[in-house]
Amino acid sequence: MSDVNRRRFLTGTVAAGGALAVAGTTLPTVAGAEPASALDNPSLGPVTVTKGDPRYLDLRIKGVNSRFTTDPERFHLVGSTEQVVDVVHTAVRQNKRITVRGGGHSCENFVGDGAQVIIDLSELHDISFDHRRNAFVVEAGATLREVFKTLYLGWGVTVPGGQCGEVGVGGHFAGGGYGPQSRLFGSVVDYLYAVEVVVVDRDGRARAVVATREPDDPNRDLWWAHTGAGGGNFGVVTRYWLRDPKARGNDPSRLLPRPPGELLGATMLWSWDTVTEERFANLLRNYTAFFEKHSAPGDKYASLFSALLIPRKTAGADQGGFVLAATLDANLPGAERLLREFTDAVQVGVPAAVVSPAERTPWLTSALGSGTNGESGRYKQKSAYLKRRYTGEQCKTIYRHLTENPAPAGAQEAPMLWLLSYGGAVNAAKPDATAMPQRDSIIKAIYLINWDDAKGDADGIRRVREFYRDVYATTGGVPVPDDANDGCYINYPDVDTADPAWNTSGVPWHTLYFKDNYPRLQRIKAAWDPRDVFHHALSIRLP
């Protein structure tokens, strides 16, 4: 799910002159570089766009979070790995700060902050089957929409990626990747067979390296680092290869998961004017307790994906409300009964919800139709993994932040809570199997606020900071990994976790995201990016 207009998504559910470079600097062949293949036939680029070129204005504002802008010396649109090697080599030689952009969905200003050269991967978006590696190859500029459509219509398979179709896979996959099919199939990185990365050695020389999960691959650590450490750490990812590690044979239609042909879905609505503090606490406890009970791999509810969106109460006669949307595999025996059991369990001790009739939707139609497109706005987001239900005190805190001083009708400067079902097959892997260590959680919680105007920046950021801090008051304002919490999700990065004003726990930010996997990530950083060419506010630090 993308990170800006989540409210709009569920509301909809419910009711010096430009330069064109056609050829870059010719580089010598580098030992260890990936040999050219049929995939290396770029249809574009490299295109270099500098200030004064009218295209610069469009490239400058590309990105979901309009709090952040970019002002580099130049953008490079690339169409091949070789072009990326060329651009990186030249920029390093010129001592320019390099950042990389795919879909532009970063929650923080990791792309624009201090960037002099921005590599835009959006035209590097081929998706095909690589017979040589017996795996699907996805170029890093592809969007989830392109991946879902191509894999499903071409071979009947998918990967368990997120809901927002315009998210680029470059960062999404590297940070772990999850979505509506994750409880059934796991995280995207559980299917990552190989990754191609343009890295820079100690002498400043750029080269392309392919790292696989094969036990005897000397580059295997570089593969592992891209199974959850996030983007902008080790180099420029240009391609991913995907294959189920349990799959056998060479039939592409059997090498990745096959999603349910149809989904059965229902939506539940509550009005704030019917929900007291006690009933609200019941709802939160019911919802999270259900997934405490049903988050083991292979559970009968493994295909159940649910999103509970609770925006702040509004002022006036129409106090607004909140919504729960749920889907599961429509072809399960007793699917309607299972969905009804879930909606009934959520409503115990809670005002009766308006429940939509269960509807069947073809899987691809659902996958391509969910989320939002053309997103814009300013927002601040924080995340947490829940291992068990909220405490009574946390329920009171959440209720207070969402109901006190109701927002004016139609106002966006109001925090909201977003709870997404998690666990299932994700929890089948060990914490050190991938760089993403959160493998026993039941819910992903998102604390979000969005607004339209720069004048609302200070107030909006303050509101969501205080909301998050108060929910985790007993653990220093952040979800410190323990019996109840399991830290934060690096694909929803939050620079406040590294700020002692907002993280008073004494637990460093990298423990929240990577736990015990961080020292290994640091060793990999030292081996593959010894000059720290690729860095941002929450990147892996050199040892």
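Conventions and cut-offs
Residues numbered from 1 in each chain as written. Predicted model: local features only at pLDDT ≥ 70, side-chain atom pairs only at ≥ 80, totals over all residues. Heavy atoms only, no water. Helix = DSSP H or I, 4+ residues; strand = E, 2+ residues; numbered from the N terminus. Buried < 20%, exposed > 50% of the residue type's maximum accessible area, 1.4 Å probe, protein only. Contact = heavy atoms within 4.5 Å. Pairing = 2+ DSSP bridges. Axes fitted to C-alpha atoms, helices over the stretch in contact; angles between N-to-C directions. Core = buried A, V, L, I, M, F, W, Y, C linked by side-chain atoms within 4.5 Å. Expected span 1.5 Å × (residues − 1). Arc of directions from axis to C-beta. Salt bridge = Lys/Arg side-chain N within 4 Å of Asp/Glu carboxyl O. Phe/Tyr/Trp six-rings, centres within 6.5 Å; stacked < 30°, edge-to-face > 60°. Lys NZ or Arg CZ within 6 Å of the ring centre and 35° of its normal. Parallel < 35°, antiparallel > 145°, perpendicular 65-115°, else oblique. Left-handed = near helix turned anticlockwise from the far one by under 90°. Nonpolar A, V, L, I, M, F, W, Y, C, P; charged D, E, K, R; others polar. Lys, Arg positive; Asp, Glu negative; His and termini not counted. Polar contact = N/O pair within 3.5 Å; in protein donor to acceptor, adjacent residues only side chain to side chain.

> Can you break down the environment of Pro 437 residue by residue, with the values?
In this structure, Pro 437 sits in the loop between β16 (416–421) and β17 (443–451). The exposure class assigned to Pro 437 is buried, which follows from its relative accessible area of 2%. Sequence separation of Pro 437 and Gly 487 is 50 residues, and the distance between their C-alpha atoms is 9.6 Å. In this structure Pro 437 touches Pro 431, Tyr 513, Phe 514, Lys 515 and Asn 517, once residues within four positions along its chain are discounted.

> I'd like a rundown of the sheet that holds strand β6 (residues 135–139), residues and numbers included.
Strand order in the open sheet formed by five strands is β5-β6-β9-β7-β8, and the pairing between neighbours is antiparallel. Pairing within the sheet leaves two strands with one partner each, and these edge strands are β5 (127–130) and β8 (206–212). Between one strand and the next, the sheet's axes are offset by a mean angle of 25°, whatever the strand orientation. Where helix α3 (residues 81–93) meets the sheet, its contacts fall on β7 (192–200), β8 and β9 (236–242), and the angle it forms with β7 comes to roughly 35°. Most of the contacts of helix α4 (residues 144–155) go to β5, to which it runs at about 50°, and overall it touches β5 and β6.

> Run through the nonpolar core, naming residues and quoting values.
In this structure, Val 88, Trp 270, Phe 280, Leu 284, Tyr 390, Leu 417 and Tyr 447 are the most contacted members of the largest nonpolar core, which totals 128 residues. The element that contributes the greatest number of residues to this core is helix α8 (residues 277–293), accounting for seven residues. Ignoring sequence-local partners within four residues, the contact set of Trp 270 consists of Val 275, Leu 283, Leu 308, Gly 321, Phe 322, Leu 324, Val 346, Gln 347, Val 350, Pro 351, Ala 352 and Ala 353. Counting residues in each nonpolar core, the second largest holds 19 residues, with Tyr 178, Phe 305, Leu 309 and Tyr 489 among its members.

> So, α4: which residues are in play, and what are the values?
Helix length check: α4, at 12 residues, gives a terminal C-alpha distance of 16 Å against a target of 16 Å (1.5 Å per residue), a fit within 8%. Among the residues of α4, Leu 144, Val 147, Phe 148 and Leu 151 are the ones counted as buried. The arc that holds the buried residues of α4, viewed along the axis, is 95°, so those residues lie on one side. A positive phi of about 75° marks Gly 156, the residue just after α4.

> Before we move on, can you summarise the pairing of β5 with the specific residues and values?
Pairing of β5 with β6, which is carried by four bridges, proceeds in the antiparallel orientation. Of the residues in β6, the one forming a bridge with Ile 127 is Val 138. The turn linking β5 back onto β6 is made up of four residues, and Asn 134 within it adopts a positive phi angle of 55°.

> Which residues make up the pairing of strand β12 (residues 321–329), and what are the values?
Judged by how many residues are buried, β12 sits mostly within the fold: seven of nine residues are covered. In this structure, strand β10 (residues 262–271) lies alongside β12, joined through nine bridges in antiparallel fashion. Residue pairing for β12: Ala 266 is matched across the bridge by Ala 326. Sheet analysis places strand β11 (residues 305–311) next to β12, joined by five bridges and oriented antiparallel. Paired with Ala 307 across the two strands is Ala 325, which belongs to β12.

> Mind laying out the pattern of salt bridges, listing which residues take part and the relevant values?
Overall, the coordinates contain 33 salt bridges when judged by the stated rule. For Arg 462, the salt bridge is made with Asp 459, and the minimal N-O distance between the two is 2.5 Å. With Arg 462 and Asp 459 both in helix α12 (residues 457–471), this residue pair falls three residues apart, about one helical turn. Among the residues examined, Arg 462 registers a relative accessible area of 35% and is labelled partly exposed.

> Break down the packing of aromatic side chains for me, citing the residues and quoting the values.
For the coordinates displayed, the defined rule picks out 33 aromatic pairs. Seen in terms of ring centroids, Tyr 287 and Phe 291 are 5.3 Å apart; in terms of plane orientation they differ by 70°. Their pairing is edge-to-face. A residue pair is termed a helical-turn pair when its members lie 3 or 4 positions apart in one helix, as Tyr 287 and Phe 291 do in helix α8 at four residues. Owing to a relative accessible area of 0%, Phe 291 belongs among the buried residues under this scheme. One aromatic cluster is present, built from ring pairs that chain together Tyr 178, Tyr 385, Tyr 422, Tyr 489 and Tyr 492. Arg 243 extends its terminal NZ or CZ atom over the ring of Tyr 193, reaching a point 4.3 Å from the ring centre. Here the guanidinium or amino end of Lys 444 rests over the ring plane of Tyr 489, the centre of that ring lying 3.1 Å away.

> Break down the sheet that holds strand β2 (residues 74–77) for me, with residues and values.
What holds strands together in a sheet is hydrogen bonding between their backbones, with the strands either parallel or antiparallel. The mixed open sheet is built from four strands, whose spatial order is β1-β2-β4-β3. For this open sheet the edge positions go to β1 (47–50) and β3 (98–101), each flanked by a neighbour on one side alone. Across this sheet, the average inter-strand angle for adjacent strands is 25°, counted without regard to direction. Helix α2 (residues 54–61) contacts β1, β2, β3 and β4 (117–120) of the sheet and is inclined by roughly 90° relative to β1. Packing of α3 onto the sheet brings it into contact with β2, β3 and β4, and relative to β4 it is tilted by some 175°.

> Let's hear about the packing of helix α11 (residues 392–403) against α12: which residues, and what values?
The relative placement of two packed helices is expressed as an angle between their axes plus a distance between the axes. Relative orientation of the contacting elements α11 and α12 amounts to 165°, with a least axis distance of 9 Å. With respect to each other, α11 and α12 are oriented roughly antiparallel. The two elements α11 and α12 cross, and the hand of that crossing is right-handed. Where α11 abuts α12, its residues Gln 394, Thr 397, Ile 398, Arg 400, His 401 and Leu 402 lie against Glu 466, Phe 467, Asp 470 and Val 471. Residue composition of the contact of α11 with α12, by class: four nonpolar, three polar and three charged.

> Tell me about the environment of Leu 309, residues and numbers included.
Following the sequence through the fold, Leu 309 ends up in strand β11. Separated by 13 residues in the primary sequence, Leu 309 and Phe 322 have C-alpha atoms spaced 6.0 Å apart.

> How would you sum up the side chain of Asp 130? Please name residues and give values.
The topology assignment puts Asp 130 in strand β5. No salt bridge is formed by the buried Asp 130; the nearest opposite charge belongs to Arg 133, separated by 4.0 Å. Polar side-chain contacts of Asp 130 include one of 2.8 Å to the side chain of Trp 241.

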